[in-house]
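Spelled out, the chains give:
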Amino acid sequence: MPTKRTIIASLFWKYCERLGTQLTQFVVSIVLARILAPDDFGVVALAMIFVSIANIFVQSGLNTALIQKKETTFLDFSSVFWASLGVSFVAYAVFYAAAPYIADFYGKEALSPVIRVLALSLPIGVPYSIQYAYVVKNMMFRSLFYRSLGAMIPSGIAGIVAAVQGAGVWAIVIQQLSISVLNIFIMWFLVPWRPSLEFSLQRLKALFSFGWKLLCSSLLDTLYSNLRGLIIGKVFSPADLAYYNRGDHFPNLVVNNIDNSIQSVMLPSLSAYQDDRPMMKKLMRRSIVTSSFLIIPMMAGLAMLAKPLIIFLLGEKWLPCVPFVQIYCFIYAFRPIHTSNLSAINAMGRSDIFLKLEIIKKIFGLVFLFGGLAIFRSPLGIAYGAVLSTISCIFINAHPNKKMLGYGYFEQLKDIMPSFALSAFMGACLYLFSLIDLHIYLSAAIQIVLGIVLYFGMAKLLHFECLDYLIETIKGFRHGR
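Each chain has its residues counted from 1, running along the sequence as written. In keeping with the predicted nature of the model, local features appear solely for residues at pLDDT of at least 70, side-chain atom pairs appear and are counted solely at 80 or more, and the whole-chain, interface and lining totals rest on all residues. Excluding hydrogens and water, the side-chain values take into account all heavy atoms of the structure.

Caption draft 1: A look at the overall build of the protein chain. Every helix listed is a DSSP run of H or I at least four residues long, and every strand listed is a run of E at least two residues long, numbered separately from the N terminus. The helix and strand tally for the protein chain stands at 20 helices and zero strands. Buried, partly exposed and exposed residues are distinguished by accessible area as a fraction of the type maximum, computed with a 1.4 Å probe on protein chains only: under 20%, between the cut-offs, and over 50%, respectively. Within the protein chain, the proportion of its 481 residues that are buried is 57%. Total accessible area on the protein chain is roughly 20,800 Å²; 69% of this is exposed by carbon and sulfur atoms. With residues, only the protein chains shown are counted as cover, and all accessible areas are computed by Shrake-Rupley using a 1.4 Å probe.

Structural data, given as structure tokens:
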């Protein structure tokens, strides 16, 4: 069983890994955004949608099955490796043949070669996906930290050099593919697992009995989440798709650093305690409260500072993405509830419930998506539909855990309400301050400091339990407790 110190240490290294990855990606994307046109990003974003859908079939939910299974052997990992590799070659052949037809459908001739080259990441990425499952299963998150530094920095440099040389859209393609190649090379030296010629159909079937439901769930989720991009790319323009994706990118960048770090550690931790429901509830509640305490104020602050941030980082040509940033800040503020509930369901081996939830959520989501598009007839309408979808998902994702763990949606909302109320107060103060006639960058700098002081000062004054927990945890980790 993982101890509290093991969990905190894993969380620390996972957070460092996510922070290193996201900061590097952030810097690279900023430089590329200033060099390249929004259309270039739109073409790659469209191609990546198809590649990400194909990758769902390649992984087949087996990676999560390896992590969730209590006892795994090298034979399990090798069996999944060979099965995934075979599927990846089939998927690449399909996309290679389909690329010209996809390009014709979207009226973008440049899309065909981009899809064919980016799809190479499917077979290239198979070894890394198994290595990643091994790392998470054994909570070896320090290895991921070294991998991030070793892969992201050189690939970012390669992409920037290509952009400066006038490579256009291919600069982004070079960056993406080099990440996949470097990931495998670095993890080969950091992870003791090696693929062998062993293969067990029986082991694969046992894992797939859990994984096929996750495959269907992931396919539904990926198709649904990327459907917005597919519609924008077809009905509107690649530039509109770039603005939409960039608006999603900034809040997603902040949230991924915190919530994904916590959830990557929580799945193996919850799985270890899957027979101890009171302990699972305690861990899950701690995850939701802590994540929300950190994420919600960041989203409130980012929404208030979206315009000066975009101008400063990307330039005025990217200003159309500001409303998308603000909308997605609200959406991502509730991310901890979604991911914590789903991690608990997976940890208990209930992938059947996971699949049912995905089907229900997608039905609601499609109604809101097409409803928003029909009413507003713009990419903003699609974003508004996503807001309604995320609100409904709060109740849908939390419903099963009311019965299984005794931790329902009203109790969960009650746990995050202090952070939400304090963040709303902070956001209102920042908005009022922005009405003062100051230089845009000076005003933004003051608002950042004001927001941090207001939020943490009020949290300390009001004796927020999650703040005290964070402080005590950091102190204990520093002193080896």
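Caption draft 2: Local environment of the nonpolar core. Within the largest apolar cluster, 116 residues are counted, with the highest numbers of intra-cluster contacts made by Leu 111, Phe 250 and Trp 318. Of all the elements, helix α2 (residues 38-59) adds the most residues to this core, at 13 residues. Here a residue-residue contact requires only that any non-hydrogen atoms of the pair lie within 4.5 Å. Residues contacting Leu 111, with those up to four places away along its chain left out, are Val 43, Leu 46, Ala 47, Ile 102, Ala 103 and Tyr 106. Listed in part, the 12 residues of the second largest apolar core include Leu 422, Met 426, Leu 430 and Leu 467. Remark: nonpolar core denotes a set of buried residues (Ala, Val, Leu, Ile, Met, Phe, Trp, Tyr, Cys) joined through side-chain atoms within 4.5 Å.

Caption draft 3: Seen up close, unusual backbone geometry. Look at Arg 377: it is not a glycine, yet its phi comes out positive at around 50°. Locating Arg 377 in the fold gives a position in the loop between α16 (351-376) and α17 (379-404). For Arg 377, a relative accessible area of 66% puts it in the exposed group. Even without being glycine, His 463 reaches a positive phi, approximately 60°. Mapped onto the fold, His 463 is located in the loop between α19 (440-461) and α20 (465-478).

Caption draft 4: Seen up close, the packing of helix α5 (residues 111-118) against helix α9 (residues 169-190). Only C-alpha atoms enter the line fits that serve as axes; for helices the fit covers just the stretch in contact. Angles between N-to-C directions range over 0 to 180 degrees. Running from N to C, α5 and α9 cross one another at 10°; their axes reach a closest spacing of 10 Å. In terms of axis orientation, α5 runs roughly parallel to α9. The segment α5 lies against α9, with Pro 113, Val 114, Val 117 and Leu 118 engaging Val 169, Trp 170, Val 173, Gln 176 and Leu 177. Each residue is assigned to one class: nonpolar for Ala, Val, Leu, Ile, Met, Phe, Trp, Tyr, Cys and Pro, charged for Asp, Glu, Lys and Arg, and polar for all the others, Gly among them. A per-class count over the contact of α5 with α9 returns eight nonpolar, one polar and no charged. Should an angle lie under 35 degrees it is considered roughly parallel, over 145 roughly antiparallel, and from 65 to 115 roughly perpendicular; all remaining angles are considered oblique.

Caption draft 5: Highlighting the environment of Leu 438. Following the sequence through the fold, Leu 438 ends up in the loop between α18 (409-434) and α19. You can call Leu 438 partly exposed: its relative accessible area is 35%. Excluding residues that lie within four positions of it along the chain, Leu 438 makes contacts with Phe 433, Ser 443 and Ile 446.

Caption draft 6: Examining the packing of aromatic side chains more closely. Centres within 6.5 Å are what make two rings of Phe, Tyr or Trp a pair, Trp counting through its six-membered ring; a difference in plane orientation under 30 degrees is then read as stacked, over 60 as edge-to-face, and the rest as tilted. Scanning all chains against the criterion turns up 19 aromatic pairs. Geometrically, the ring pair formed by Tyr 328 and Tyr 332 is tilted, given 6.0 Å between the ring centres and 40° between the ring planes. Of this pair, Tyr 328 and Tyr 332 both sit in helix α14 (residues 322-333), four residues apart, roughly one helical turn. As far as the burial class goes, Tyr 328 and Tyr 332 line up, both buried. The criterion is that NZ of a Lys, or CZ of an Arg, lies within 6 Å of the ring centre and within 35 degrees of the ring normal, and then a charge sits over that ring. The ring of Phe 41 has Arg 246 sitting right over it, with the charged end atom 5.1 Å from the ring centre. Arg 246 extends its terminal NZ or CZ atom over the ring of Trp 318, reaching a point 5.4 Å from the ring centre.

Caption draft 7: Representation of a nonpolar patch on the surface in the model. Each patch is built from residues that are more than 30% exposed by relative accessible area and take part in no salt bridge. Like charges join if they lie within 9 Å; nonpolar side chains (Val, Leu, Ile, Met, Phe, Trp, Tyr) join within 5 Å. By convention in these notes, a salt bridge is any Lys or Arg side-chain nitrogen within 4 Å of a carboxyl oxygen on Asp or Glu. Where nonpolar side chains cluster on the molecular surface, the patch consists of Phe 330, Leu 388, Ile 391, Phe 395 and Phe 410 and spans about 460 Å² of accessible area. The element best represented in the nonpolar patch is α17, accounting for three residues. Topologically, Leu 388 is positioned in helix α17. On the basis of relative accessible area, Leu 388 is assigned to the partly exposed category, the value being 43%.

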